[in-house]
Amino acid sequence: MNSPLYIVWNKKQTISVRILDDQHHAIVAAINSLYFFINHGWGLSALSPTLKVIKSNVGFHLKTEEGILEKLGANYKIMLKHSEIQNAFNINADGAAQQAINEQDPMILLKFLRDWWETHHFKTHAEYQQYLSSISVPDDDL
């Protein structure tokens, strides 16, 4: 195994909204757990239970973002797109898991998850930045 982590978190990835950053850590940790399981020979048996945790973390995270965006007055287009992100994630994650099972290659799911994470974290959050940067209430009040 080259690295114990599939996705390495660093300070450049923080978005300065503590609750969202904490949830990002949980998502990355769950993806890295799947990577660990695969590299330690668990193979396909690790997919289903780990994917359930990842989907739960992503769903909870997206609902939190949705609540924050709504509170900050995000427009309808942003809110609709955000809802579509969650639906697409669930469908595509299940599809990647099924493909991984069919092809006997758990890395298919892992690659999907990494690609989704990078798109969500670096592209989607950039689109929300005008709202997230306007947070003037302490994190504990959100």
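Asks: I'd love a proper account of the overall build of the chain, names of residues and values included.
Replies: For the chain, the helix and strand inventory stands at four helices and zero strands. For the chain, the spread of C-alpha atoms along the three principal axes comes to 45 × 30 × 20 Å. Within the chain, buried positions represent 42% of all 142 residues. Here the analysis covers contacts within the chain between residues at least 6 apart in sequence; of these, 74% occur between residues at least 24 apart. Only carbon and sulfur atoms are counted for the fraction: they give 54% of the accessible area of the chain, which is about 7,900 Å². Computing the positive centroid from 12 side-chain charges and the negative centroid from 15, the chain places the two 2 Å apart.

Asks: Residues and numbers for the packing of aromatic side chains, please.
Replies: In the structure shown here, the tally under the stated rule is six aromatic pairs. Relative to Trp42, the ring of Phe37 has its centre 4.4 Å away and its plane inclined at 10 degrees; by these criteria the two rings are stacked. Aromatic ring contacts, followed pair by pair, group Phe36, Phe37 and Trp42 into a single cluster.

Asks: Which residues make up the side chain of His121, and what values do they have?
Replies: Within the element layout of this structure, His121 appears in helix H4 (residues 107–132). Its relative accessible area of 4% is what places His121 among the buried residues. Within polar-contact distance, the side chain of His121 engages the backbone oxygen of Gln13 at 2.5 Å. Aside from chain neighbours lying at most four places away, what touches His121 is Trp9, Gln13, Ile15 and His24.

Asks: Let's hear about the side chain of Thr50: which residues, and what values?
Replies: Structurally, the position occupied by Thr50 is in helix H2 (residues 47–71). Under the relative-accessibility criterion, Thr50 is labelled buried at 7%. Leave out the neighbours within four places in its chain, and Thr50 touches Ala30, Leu34 and Phe37.

Asks: A description of the pattern of salt bridges should follow, citing residues and the corresponding values.
Replies: In the structure shown here, the tally under the stated rule is six salt bridges. Salt-bridge contacts for Glu66 lead to Lys63; the nearest nitrogen and oxygen are separated by 3.8 Å. Placement of both Glu66 and Lys63 in helix H2 is noted, with a separation of three residues, approximately one turn of the helix. The salt bridge involving Lys81 is made with Glu127; its shortest N-O contact spans 2.5 Å. Of this pair, Lys81 sits in helix H3 (residues 76–102) while Glu127 sits in helix H4; the two residues are 46 residues apart in sequence, bridging distant segments of the chain.

Rules and cut-offs
- Residues numbered from 1 in each chain as written.
- Predicted model: local features only at pLDDT ≥ 70, side-chain atom pairs only at ≥ 80, totals over all residues.
- Heavy atoms only, no water.
- Helix = DSSP H or I, 4+ residues; strand = E, 2+ residues; numbered from the N terminus.
- Buried < 20%, exposed > 50% of the residue type's maximum accessible area, 1.4 Å probe, protein only.
- Contact = heavy atoms within 4.5 Å.
- Areas by Shrake-Rupley, 256 points an atom, 1.4 Å probe, with all protein chains shown as cover.
- Lys, Arg positive; Asp, Glu negative; His and termini not counted.
- Charge placed at Lys NZ, Arg CZ, Asp CG, Glu CD.
- Phe/Tyr/Trp six-rings, centres within 6.5 Å; stacked < 30°, edge-to-face > 60°.
- Polar contact = N/O pair within 3.5 Å; in protein donor to acceptor, adjacent residues only side chain to side chain.
- Salt bridge = Lys/Arg side-chain N within 4 Å of Asp/Glu carboxyl O.

Coordinates in, geometry out; function isn't part of it.
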